[in-house]
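Summary of structural features
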Amino acid sequence: MSVFPRISLKPEVTEYLRSAFLNKEVSAAGGLQEAERRFQKLLTCLSHPPSYTCVRASTHLAPLEDIGLRLTEELRKQQKCNSSAEELSVGIAPHPRLADVLLLPVDGPRPVERLSSEVVVGAQCGSAVLRGAHVFAPGIVGSPKYMKAGDPVSVFSDLEGRCTRGATGFQGNKVFVGNGVAQMDRSAIFATDTPARGVGVRMVDPLYQSPSFDGVLPGMVFLQNLPSVVVGHVLGPRPGERILDMCAAPGGKTCHIAALMGDKGEVVALDRIRNKIDHIRQNAQMLSLQSIKAYCFNSTHAVSDGPTHQAEGPPFPPESFDRVLLDAPCSGLGQRPNMACKWSLKEVCSYQPLQRKLFHAAVRLLKKGGVLVYSTCTITLAENEEQVAWALGAFPCLTLQPQEPHIGAEGMLGAGLSPEQLRVLQRFSPELSWDQIETTAPLASRADRDTIGFFIAKFLKT
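Residues numbered from 1 in each chain as written. Predicted model: local features only at pLDDT ≥ 70, side-chain atom pairs only at ≥ 80, totals over all residues. Heavy atoms only, no water.

Let us now look at the sheet that holds strand β4 (residues 118–122). Taking strand neighbours across the sheet as the criterion, the six strands line up as β5-β9-β8-β7-β4-β6 in an open arrangement whose pairing is mixed. Taken across any chain shown, the strands that pair with only one partner, and hence form the sheet edges, are β5 (135–136) and β6 (140–142). Sheet topology note: the β5/strand β9 (residues 199–206) ladder contains two bridges and is antiparallel. When the bridges of β9 are listed, Val-135 appears paired with Val-201. Packing of helix α5 (residues 123–130) onto the sheet brings it into contact with β4, β5, β7 (152–158), β8 (174–182) and β9, and relative to β4 it is tilted by some 105 degrees. (Pairing = 2+ DSSP bridges. Helix = DSSP H or I, 4+ residues; strand = E, 2+ residues; numbered from the N terminus. Contact = heavy atoms within 4.5 Å. Axes fitted to C-alpha atoms, helices over the stretch in contact; angles between N-to-C directions.)

Have a look at this one:
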């Protein structure tokens, strides 16, 4: 059910995406009218959350069934503590094809009546609420003038970032995301001397209801979008291998790779930002993984061009790794829920050159016979299928490989790839499941398609 408007984009960005989704190859194959219908559904579904929560279980530490039982117990405790919330059914189900994934259905949109007192949060905070989070104090930008801890409030997401911090009323472009109870006085939230931390509003009646995982079984469960989990399985790491994750932050895929190897081997994680490297190390420690080595380094310069590099860290000699994951920086237009993106067309198109620089480094660092997996969390043709077509032309040593598991749809027409090549790509296209969602299909039949927008390509270096 559609309760939010389509994702708000700059007109130039909307037209850029439309030209890709209605390109000549697509229009010739399915018709212009069908291509336009699918594009409009995409814009609508991007503003809504997926209909389930995906949890990756630490099966290197305990069996999936045991983790599922423990998670059920923890979430039931959470329900009992929140006595004002209606009873939830903790319907945790294992994924039929991914042995380390648990799925939890999301209940929504729910009929929730708005209250007179309004709290306004930033768009990022509002999106987190739609996926089960409470409202943390730094995300609050406006509140009633005399709000006290314990007051019931309605929470609205500021779509365009125009609400002035500390506002007592906001009439701009906003959407309702649910009701909660203030956990702090207004004066504490907007104190100028000490920034507020912790939960500012505890959500008790959200528009989309799913469990909060804050502090739930740390080390045993890890919130991760389904396509991101699929990437690790497609890479296929084996015990004893040396694997590179080129753009690793925040480390979910890095830790998954190490877990799939049974923590036997070496996983090198690189990222340009120091505090993100610290986050990767914290996640590895929390998940009891010893095989991860994280370095603050620009992966475009990760290949050593001089004499053999003696130090342990980057840059590395050519052909140093058995497998390479290039989960590339991208425009991120596949993320859900996302009600508004203020980026210009120049910003959206700025990632393709960087991705190609990273590709050059990835191919050089990969051993002959090694596997390279390229992935993005965006929907653009230029960052996905066009990059594959470019890579196949630029690197004759690369050949496309089938993916296992293959859960998403095949690649999109328009980049000049053959039908055989498109079939081995994975494009997670949430708009394809939208009709199914509105008919309330069972969770098991829609989970694989009702995801964020995502793309995966797998190459072999010969």
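Moving on to the packing of aromatic side chains. Within the structure shown, the criterion is met by eleven aromatic pairs. Look at Trp-343 and Tyr-351: their rings are 5.9 Å apart centre to centre, the planes differ by 15 degrees, and that puts the pair in the stacked class. Judged by relative accessible area, which is 29%, Trp-343 ranks as partly exposed. Joined through ring pairs, the aromatic side chains of Phe-359, Tyr-374, Trp-390, Phe-395 and Phe-459 make up one cluster. Lys-174 extends its terminal NZ or CZ atom over the ring of Phe-156, reaching a point 5.0 Å from the ring centre. (Phe/Tyr/Trp six-rings, centres within 6.5 Å; stacked < 30°, edge-to-face > 60°. Buried < 20%, exposed > 50% of the residue type's maximum accessible area, 1.4 Å probe, protein only. Lys NZ or Arg CZ within 6 Å of the ring centre and 35° of its normal.)

In contact at an axis separation of 10 Å, helix α1 (residues 11–21) and helix α3 (residues 32–45) are set at 135 degrees when each is read in the N-to-C sense. Of the possible angle classes, the one that applies to α1 and α3 is oblique. α1 and α3 meet at a crossing whose hand is right-handed. Contacts between α1 and α3 pair Thr-14, Leu-17, Arg-18 and Phe-21 from the former with Ala-35, Glu-36, Phe-39, Gln-40, Leu-42 and Leu-43 from the latter. (Parallel < 35°, antiparallel > 145°, perpendicular 65-115°, else oblique. Left-handed = near helix turned anticlockwise from the far one by under 90°.)

Most of strand β15 (residues 366–376) sits out of view: eight of its eleven residues are buried. When β15 meets strand β18 (residues 454–461), the two strands line up antiparallel, connected through six bridges. If you follow Thr-376 over to β18, its bridge partner there is Phe-455.

In the contact formed by helix α11 (residues 351–365) and helix α12 (residues 385–394), the axes pass within 11 Å of each other and the chain directions differ by 40 degrees. By the angle between their axes, α11 is oblique relative to α12. Where α11 crosses over α12, the handedness of that crossing is right-handed. For the pair α11 and α12, the contacting residues are Gln-352, Gln-355, Arg-356, Phe-359 and His-360 in the first and Glu-386, Gln-387, Trp-390 and Ala-391 in the second.

A few words on the pattern of salt bridges. This structure, assessed with the given rule, holds 23 salt bridges. The residue Glu-15 makes a salt bridge to Arg-18 at a minimum N-O spacing of 3.1 Å. Pair noted here: Glu-15 and Arg-18 are both in helix α1, with a separation of three residues, about one helical turn. Note that Lys-253 and Asp-327 form a salt bridge whose closest N and O atoms lie 3.1 Å from each other. Note that Lys-253 is positioned in helix α8 (residues 252–260) and Asp-327 in strand β14 (residues 321–327), a separation of 74 residues in sequence. Residues joined by salt bridges that share partners form a network here, namely Arg-242, Glu-266, Lys-293 and Glu-312. (Salt bridge = Lys/Arg side-chain N within 4 Å of Asp/Glu carboxyl O.)

As a further point, take the sheet that holds strand β2 (residues 93–94). Within the open sheet, the four strands sit side by side as β2-β3-β1-β10. Their pairing is antiparallel. Only two strands of the sheet have a single neighbouring strand rather than two, namely β2 and β10 (221–223). Looking at chain direction, β2 and strand β3 (residues 101–105) are connected through two bridges and run antiparallel. Paired with Ala-93 across the bridge in β3 is Leu-103.

The subject of this paragraph is the confidence of the model for the protein chain. In this model, the protein chain carries an average pLDDT of 93, and 94% of its residues clear a pLDDT of 70 or more. Overall, residues 84–88 carries pLDDT values under 50, and its contacts beyond four positions in sequence, including any with other chains, amount to eight contacts. (pLDDT = per-residue confidence, 0-100.)

What follows covers the nonpolar core. Membership of the largest hydrophobic core comes to 38 residues, with the highest contact counts inside it found for Val-230, Ile-292, Val-373 and Ile-456. Ranked by the residues each element gives to this core, the list is headed by helix α7 (residues 226–235), at six residues. Excluding residues that lie within four positions of it along the chain, Val-230 makes contacts with Leu-98, Pro-405, Ile-407, Gln-426, Phe-428 and Ile-456. With 36 residues, the next largest nonpolar core counts Val-268, Val-324, Leu-372 and Leu-425 among its residues. (Core = buried A, V, L, I, M, F, W, Y, C linked by side-chain atoms within 4.5 Å.)

In this section: the side chain of Asp-448. Relative to the helices and strands, Asp-448 is located in the loop between α15 (443–446) and β18. Here Asp-448 occupies a buried position and makes no salt bridge, while the nearest side chain of opposite charge, Arg-97, is found at 5.2 Å. A polar side-chain atom of Asp-448 sits 2.6 Å from a polar atom in the side chain of His-95. Filtering out sequence-adjacent residues up to four positions away, Asp-448 remains in contact with His-95, Leu-226, Ile-407 and Phe-428. (Lys, Arg positive; Asp, Glu negative; His and termini not counted. Polar contact = N/O pair within 3.5 Å; in protein donor to acceptor, adjacent residues only side chain to side chain.)

The next point concerns the side chain of Lys-458. For Lys-458, the position within the fold is in strand β18. In this structure Lys-458 is buried but unpaired, with Glu-404 as the nearest side chain of opposite charge at 8.9 Å. A polar side-chain atom of Lys-458 sits 3.4 Å from the main-chain carbonyl oxygen of Val-234. Ignoring sequence-local partners within four residues, the contact set of Lys-458 consists of Val-234, Val-371, Leu-372, Val-373, Thr-399, Leu-400, Gln-401, Pro-402 and Gln-403.

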